[in-house]
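What the coordinates show
As a plain string of letters, each chain reads:
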Amino acid sequence: MTLDSLQLLFFKNYDEASLRLSPGINCFIGDNGSGKTNLLDAIHYLSLTKSAFTTSDSQSIKQGADFFVVKGKFTSELAPAGETIQVSLRSGQKKALTHDKQPYERMADHIGRYPAVLISPYDTDLIRQGSEERRKYFDSLMAQLDHEFLELLIMYNALLRQRNAVLKQAGDRSHGFDRDYLLALDEQLAPLGQQLSELRATFLVDFAPVFRRHYEQLADGREQVLVSYKSQLPGADFAQLLRANERRDFALQRSTTGPHRDDFVFLMDELPVKSYASQGQQKSFAIALKLAQFELLASRQQHKPLLLLDDIFDRLDDKRIARLLELVANDTFGQVFLTDTNLQRTDQALARVSSDILRFRVQQGSVAPV
Ligand SMILES: Nc1ncnc2c1ncn2[C@@H]1O[C@H](COP(=O)(O)OP(=O)(O)OP(=O)(O)O)[C@@H](O)[C@H]1O
Ligand SMILES: [Mg+2]
């Protein structure tokens, strides 16, 4: 699968940009703040229908403009003649997504068609921040791999929102409280939550060894690492847990038990990565998570995901860069997009890589081949 071209209109710091891309390696070179990461984010939109960095889509509209468009043409085994994906947003309206000009009914229908994996300096947030970050990460990965998981997650979250609204209303005395409604919601929620946690547990069985191998390769096997799933489920009965926690849920006006409270545990030499590992070890840990993600996506689908490498040369020591580039050189990856501030450094790093390389110079919201 390749992204052949990319076009932007009023996206972040770009007025207008249009690029023909290499099926091999695409390098975006420019100073800090010039718009390199924004290009990767535009590609992230085409793959996952949203930004990798901002939670609100309206922040992607160029300041002073009132809409943005990101458009890209993909070719793949599924669409050998090419398919044009377009994401657009006009302020105050709903985001629109089309394939060959036909609207998708739901954004979710697009997820997984053109997978991408982004490795960025923010990845260590996965380690440093709270459990929500990790749940989002694994859920998004599983959603790209398995459409049924995505559907399940959407349904679970919708029911959970309703349940929390009921609990909130019950706390607010001006409203009556309909316990039967809560019980009816729980009847639907319980099997979904049970299934969600079982799927996460099963997924981790596949993911953990792949992750471990990538960490060992990247770090030369110096530390022992482990990723595991922490949940009250599976193994317990979610319906029973919901009943057992009902009083507490009322008191706190939210649902205190369920897969939305799960976590993923990251250990290095049996200690928490967050407090024990060095910065470089944390970076390597995060990169290994992403490489495992890439491998699983590539093996379960017909095509290799796009690989987006943001500021990779800035963050790793030479040995680790060399190991990563070995993967680039030996065809582990498909199409690659990388950013750097220094053209010479990029050229040196890629000197022994034989794929088609295209270099682009990025300057304050404009981008052109070097
Ligand atoms: N909605 C927007 N409107 C206008 N400018 C924006 C918008 N969103 C982001 N920007 C600007 O885009 C600029 C470029 O951001 P980007 O993160 O792509 O830079 P970069 O080239 O990756 O820099 P670095 O080397 O520091 O990582 C930033 O200065 C930011 O202020
Ligand atoms: Mg950047």
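Residues numbered from 1 in each chain as written. Chains lettered and ligands numbered in written order. Predicted model: local features only at pLDDT ≥ 70, side-chain atom pairs only at ≥ 80, totals over all residues. Heavy atoms only, no water.

Per an unreviewed UniProt entry, the protein chain carries the name DNA replication and repair protein RecF and comes from Hymenobacter saemangeumensis. Within the UniProt record for the protein chain, the comment given under Sequence similarities (unreviewed entry) is "Belongs to the RecF family." Its UniProt record gives the protein chain a comment under Function (unreviewed entry), which states: "The RecF protein is involved in DNA metabolism; it is required for DNA replication and normal SOS inducibility. RecF binds preferentially to single-stranded, linear DNA. It also seems to bind ATP." (UniProt positions renumbered as here; feature names shortened; annotations may be inferred.)

Turning our eyes to something else, we now look at the overall build of the protein chain. Each helix and strand in the protein chain was counted, giving 11 helices and 15 strands. Taken over C-alpha atoms, the radius of gyration comes to 22 Å for the protein chain, in line with the 21 Å a tight globule of 370 residues would show. Along the first, second and third principal axes, the C-alpha atoms of the protein chain reach 65 × 50 × 35 Å. By residue count, 50% of the 370 residues in the protein chain fall in the buried class. Sequence-distant contacts in the protein chain: of pairs separated by 6 or more residues, those separated by 24 or more amount to 72%. With an accessible surface of roughly 17700 Å², the protein chain has 46% of that area assigned to carbon and sulfur atoms. Taking the average location of the 45 positive side-chain charges in the protein chain and that of its 48 negative ones, the two points are 3 Å from each other. (Helix = DSSP H or I, 4+ residues; strand = E, 2+ residues; numbered from the N terminus. Rg over C-alpha atoms; globule rule 2.2 N^0.38 Å. Buried < 20%, exposed > 50% of the residue type's maximum accessible area, 1.4 Å probe, protein only. Contact = heavy atoms within 4.5 Å. Areas by Shrake-Rupley, 256 points an atom, 1.4 Å probe, with all protein chains shown as cover. Lys, Arg positive; Asp, Glu negative; His and termini not counted. Charge placed at Lys NZ, Arg CZ, Asp CG, Glu CD.)

Before going further, it helps to spend a moment on the site of ligand 1. Neighbouring ligand 1 are 15 residues; G33, K36, T37, N38 and I61 lie closest to it. At 2.7 Å, a side-chain N or O of K36 approaches an oxygen atom of ligand 1. For the shell around ligand 1, the residue count by class is 1 nonpolar, 9 polar and 5 charged. (Near = heavy atom within 4 Å. Polar contact = N/O pair within 3.5 Å; in protein donor to acceptor, adjacent residues only side chain to side chain. Nonpolar A, V, L, I, M, F, W, Y, C, P; charged D, E, K, R; others polar.)

It is worth spelling out the sheet that holds strand β4 (residues 67–75) at this point. In space, the 6 strands of this open sheet follow the order β2-β1-β4-β5-β6-β7, with antiparallel pairing throughout. Strands at the two margins of the open sheet, each flanked by one partner only, are β2 (16–20) and β7 (102–103). The sheet strands contacting helix α1 (residues 36–48) are β1 (2–9), β4 and β5 (83–90), and the helix crosses β1 at an angle near 110 degrees. (Pairing = 2+ DSSP bridges. Axes fitted to C-alpha atoms, helices over the stretch in contact; angles between N-to-C directions.)

Now for helix α5 (residues 179–219). The largest bend in α5 is about 30 degrees, located at F207, with the proline P209 one to four residues further on. Here α5 starts with a cap whose side-chain oxygen sits 3.3 Å from the backbone nitrogen of D180, and that cap is D178. (Bend = angle between axes of the 7 residues up to and from the residue.)

Before going further, it helps to spend a moment on the domain arrangement of the protein chain. Here the protein chain is described as being made up of domain 1 (1–115 + 304–370) and domain 2 (128–300). The interface of domain 1 with domain 2 comprises 20 residues on the first partner and 21 residues on the second. Across the domain 1 to domain 2 interface the summed buried area is about 1700 Å²; carbon plus sulfur atoms make up 64%. Considering only the side of domain 1, the residues that lose the most area to domain 2 are R315, R320 and R323, jointly responsible for 33% of the buried surface there. Between D220 and R323 there is a salt bridge; the shortest N-O distance is 3.1 Å. At the junction of domain 1 and domain 2, the tally comes to 5 residue pairs in polar contact (both at pLDDT 80 or more). The dominant element in the side of domain 1 that touches domain 2, judged by the number of residues it contributes, is helix α10 (residues 318–329), at 4 residues. Counted by class, the side of domain 1 that touches domain 2 contains 11 nonpolar, 3 polar and 6 charged residues. (Domains from an automatic or database assignment. Buried area = accessible area lost by both parts, 1.4 Å probe. Salt bridge = Lys/Arg side-chain N within 4 Å of Asp/Glu carboxyl O.)

Relative to strand β15 (residues 366–369), strand β14 (residues 357–363) runs antiparallel, the two sharing 4 bridges. Among the inter-strand pairings, F360 is bridged to a residue of β15, identified as P369. In textbook terms, the turn of a hairpin is the stretch between consecutive antiparallel strands, and for β14 and β15 this stretch comprises 2 residues, one of which, Q364, has a positive phi near 35 degrees.

Attention now moves to the sheet that holds strand β8 (residues 116–119). On the basis of which strands lie adjacent, the open sheet formed by 6 strands has the order β8-β12-β13-β3-β14-β15 and mixed pairing. The open sheet has two free edges, formed respectively by β8 and β15, since each of these has just one partner strand. Here the strands of the sheet are splayed against their neighbours by 20 degrees on average, with no regard to which way each runs. In this fold α1 packs onto β3 (25–30), β8, β12 (306–309), β13 (336–340), β14 and β15, with an angle of close to 155 degrees to the strand it touches most, β13.

Turning to the UniProt feature "binding site: ATP" (unreviewed entry) in the protein chain, a few remarks are in order. UniProt annotation of "binding site: ATP" (unreviewed entry) refers to G30, D31, N32, G33, S34, G35, K36 and T37 when read in the numbering used here. Positionally, S34 belongs in the loop between β3 and α1. Filtering out sequence-adjacent residues up to four positions away, S34 remains in contact with N13, Y14, V362, Q363, Q364 and G365. Residue classification places K36 among the buried residues on the basis of a relative accessible area of 7%.

Attention shifts here to the environment of D310. Looking at where D310 falls in the secondary structure, it is placed in the loop between β12 and α10. Assessed through its relative accessible area of 2%, D310 is described here as buried.

This part is about the side chain of K95. In this fold, K95 is placed in the loop between β5 and β6 (96–99). The exposure class of K95 is buried, given its relative accessible area of 18%. Within the structure, the side chain of K95 is placed 2.6 Å from the backbone oxygen of T49, a separation counted as a polar contact. A polar side-chain atom of K95 sits 2.9 Å from a polar atom in the side chain of D57.

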